[in-house]
Amino acid sequence: MERIITYAKALSEAIDMCMAKDDKVYIMGLGVPDPSGFFGTTIGLQEKYGKMRAMDMPTSENGMTGVAIGSALTGMRPIMAHHRMEFALLATEQIINQAANWHYMFGGKSSMPLVIRMFIGRGWGQGPQHSQSLQAMFAHIPGLKVIMPATPYDAKGLMVSAIEDNNPVIFLEHRWLHTITGKVPEAIYRIPIGKANIARSGSDVTIVAFSYMVIEALFAANILMKLGIDAEVIDMRSIRPLDADAVLESVKKTGHLVVADQAWKTGGIAGEIIAIACEEAFGFLKAKPVRLTLPDFPSPSTPGLTRYYHPRAINIINSVLKMLGKNEKTEEELDIVQKSPLDIPNKEFKGPF
Amino acid sequence: MELKISDRQSYREYVNELKNGDLKLFYYDMLRIRLVEEKIAEIYPEQEMRCPVHLSVGQEAPAVGVCKALGKDDFALSTHRSHAHYLAKGGNLKAMLSELYGRETGCCGGKGGSMHLNDPSIGFYAVPIVGSTIPIGVGIALGFKIQNKSEVSVAFFGDAATEEGVLSESLNYAALCKLPVIFICENNLYSVYSPLSVRQPAERNLIDIAKAHGVEAFKCDGNDVVAVYNATTKAVEKARIGGGPTLLELSTYRYYEHCGTNFDNQLGYRSEEEFNLWKAKDPLKMLALKLVEDDNFKLEIEQMTKVINLEITDAFAFAKSAPYPDEASLFTHLYAK
Ligand SMILES: Cc1ncc(C[n+]2csc(CCOP(=O)(O)OP(=O)(O)O)c2C)c(N)n1
Ligand SMILES: [Mg+2]
């Protein structure tokens, strides 16, 4: 009875199940009922639940986030969706000043069950204002929870947990994950927010990743295995709260730490994870930990710069080899040159969106 | 005031001040934009222009009508759908196509793609965050005013941008300071697939909204390039002598899908009937009708088409053969010197 479905389908299933179970749950976003349905994650919801529970909205991100917050104060459980993280930036006042603070600043009198889905990612020349990964900015804020699932299984379980959580949850979906497939149970289930997953266990080096970088990390780990290096891959799944225990336990075992984050280095989550390792497991580290991130520059559109901008498996592999005092390799030597261009996840991806 | 072309006679009266040559130039510019966009649509499937494109086919009249009323030193700010505005304002075609191809010869050196066309030397910037260029357009007008310049600034935006709070903030401030800015709303009825009806109440009237902020505002047939030109010219003249801002709402329609190079009526978010109604009011067709009296005009269109196609072939060849930016360029331009 093992069922394989896409990440997008897993998300739509989670949302659908939560809406069926609890009539306080509703979803809004510019394009929720449209034919592409948020990359297939909201299709059919309006037909099933009506226009007041699966709704389109004006292009008014700031105002509508406040509206979602207000409705949450009456007991509703809003899910808001944005096609790009950048569009949600218009609503950062509502998210950071209001939603994140509400429960704390009013002495715990009212809760703020709110899920804000934002798509992040890269590819097909999205460029400086449509492919930024600003997760650290939101993870910096006490009062918010920030989750970045990498697999269809986690996407469903974490979406259910996010919707049932009584706090504002930022749910980040990488554009290159919606089409990946994996085993997903039909029944409703929950993945706890703030718990990492050992995606692959190993003993020589710890590779920490989340969201799309988990895919690259697992690929890298397979190649490393062929080179005789047994890597442990930790999928953080949530970046706030951050599962420090999972990282520490692994680092204590391997003594080596590489963190792969598809975001800028300065002030990022990779640095945060390494700081935790240094503070709590310094004596166990056998080499300097490594942050593998985007360079601290805006995201360029041209496919000519993709190769230099986005870290991928080969960069993870070489970080590990270098850390272990071994010679670095080229993709040609390892026979892992990607045939399709680097600005798309697979040959089927033809843009433009 | 509603500017409208109801019949040939009133049209003639109404464009009397214009020289016939100007109208032909309007036609030329619109045709050029259309042929460029159609060429992009034709060869986009080659997958060499690797960035999202939002085509302006069907919306050539607002671009040309507005920009023809501007001088080179006036500024125009645009959106994700900026090809037409960029070309009408005098943007370089080779630099635009190179940018779509991600090449170093592009107007952003490849860093921006189709959604970030710009050329400060002709007064043009575009960015794809809905509504964000409206206050920037106001700020450019403020800069002009403080420096006692006579230039004006234009903010192009779509019907969806009128739902962003920043429009109200911008209107208010522009009126407060009597800034030389012209707000141009191209109402093409949709935001991606979402029709106006799910985003705005039927009673909502942008003209009233602008007026309530103290900004003079007019509706105008956005497929009639001459009407657009005349309305903009008045607004520009007023702005230049310190008369303050104006908003124009231009009704128009895009033919292609929101983003990309296909037709998508089959998806059902808009009807074939509506589409055909707008095609009957095609901006190029409408202008050609007015010029038919000139017997040579059909021939002239053929000549224009030839000339433009040569330019297009040349520009595409230039863009395709230009190099990609090199690795070092990734690390340039973060901060100004
Ligand atoms: C702040 C923000 N929200 C959402 C989007 C996504 N988006 C891109 S274009 C677009 C539609 C804009 O419609 P309109 O302003 O009417 O311009 P049109 O596409 O019709 O020319 C939307 C919603 C965005 N780019 N920026
Ligand atoms: Mg529109």
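Residues numbered from 1 in each chain as written. Chains lettered and ligands numbered in written order. Predicted model: local features only at pLDDT ≥ 70, side-chain atom pairs only at ≥ 80, totals over all residues. Heavy atoms only, no water.

(A) Structural context of the site of ligand 1. As a matter of local geometry, ligand 1 sits amid 20 residues, with Glu61 of chain A together with His80, Arg81, Pro128 and Asn188 of chain B nearest to it. Neighbouring residues of ligand 1 are not confined to one chain but are distributed across chains A and B. Pro128 of chain B has a polar backbone atom sitting 2.8 Å from a nitrogen atom of ligand 1. Note that an oxygen atom of ligand 1 is positioned 2.8 Å from one of the side-chain N or O atoms of Asp159 of chain B. Of the residues belonging to the shell around ligand 1, the class tally is 10 nonpolar, six polar and four charged. (Near = heavy atom within 4 Å. Polar contact = N/O pair within 3.5 Å; in protein donor to acceptor, adjacent residues only side chain to side chain. Nonpolar A, V, L, I, M, F, W, Y, C, P; charged D, E, K, R; others polar.)

(B) Highlighting the packing of aromatic side chains. All names here are of chain B. A complete count under the given rule lists 20 aromatic pairs over all chains for this structure. Judged by centre distance (6.5 Å) and plane angle (75 degrees), the rings of Tyr190 and Tyr253 are edge-to-face. On the criterion of sequence distance, the pair formed by Tyr190 in strand E7 (residues 190-191) and Tyr253 in the loop between strand E10 (246-251) and helix H10 (272-280) is long-range, its members being 63 residues apart. Both residues of the pair, Tyr190 and Tyr253, count as buried. Relative to Phe275, the ring of Tyr253 lies with its centre 6.3 Å away and its plane at 65 degrees, an arrangement referred to as edge-to-face. (Phe/Tyr/Trp six-rings, centres within 6.5 Å; stacked < 30°, edge-to-face > 60°. Helix = DSSP H or I, 4+ residues; strand = E, 2+ residues; numbered from the N terminus. Buried < 20%, exposed > 50% of the residue type's maximum accessible area, 1.4 Å probe, protein only.)

(C) Representation of the coordination of the magnesium ion (ligand 2) in the model. Residue and element names in this part refer to chain B. The magnesium ion (ligand 2) binds to the protein through Asp159 (OD), Asn188 (OD1) and Tyr190 (O); the donor distances cover 2.0 to 2.1 Å. Sequence spacing of the donors to the magnesium ion (ligand 2): D-x28-N-x1-Y. Of this pair, Asp159 sits in the loop between strand E5 (153-158) and helix H7 (165-176) while Asn188 sits in the loop between strand E6 (181-187) and E7; the two residues are 29 residues apart in sequence, bridging distant segments of the chain. Summarising the burial analysis for this pair, Asp159 and Asn188 share the class buried. (Donors = N, O, S within 2.8 Å, 3.2 Å for Na, K, Ca; no water.)

(D) View of the domain arrangement of chain A. All names here are of chain A. Here chain A is described as being made up of domain 1 (2-185) and domain 2 (197-334). For domain 1 and domain 2, the distance between their C-alpha centres works out to 27 Å. Counting residues at the interface gives 29 residues for domain 1 and 23 residues for domain 2. Here domain 1 and domain 2 share an interface that buries about 2,100 Å² over both sides, 58% of which is from carbon and sulfur atoms. Per-residue buried area on domain 1 facing domain 2 is highest for Arg122, Ala139 and Met148; these three make up 25% of the total on that side. Summed over the shared surface of domain 1 and domain 2, the result is one salt bridge. One salt bridge in this structure joins Asp154 and Arg237, with 3.0 Å as the shortest N-O distance. The interface formed by domain 1 and domain 2 includes 12 residue pairs in polar contact (both at pLDDT 80 or more). (Domains from an automatic or database assignment. Contact = heavy atoms within 4.5 Å. Buried area = accessible area lost by both parts, 1.4 Å probe. Salt bridge = Lys/Arg side-chain N within 4 Å of Asp/Glu carboxyl O.)

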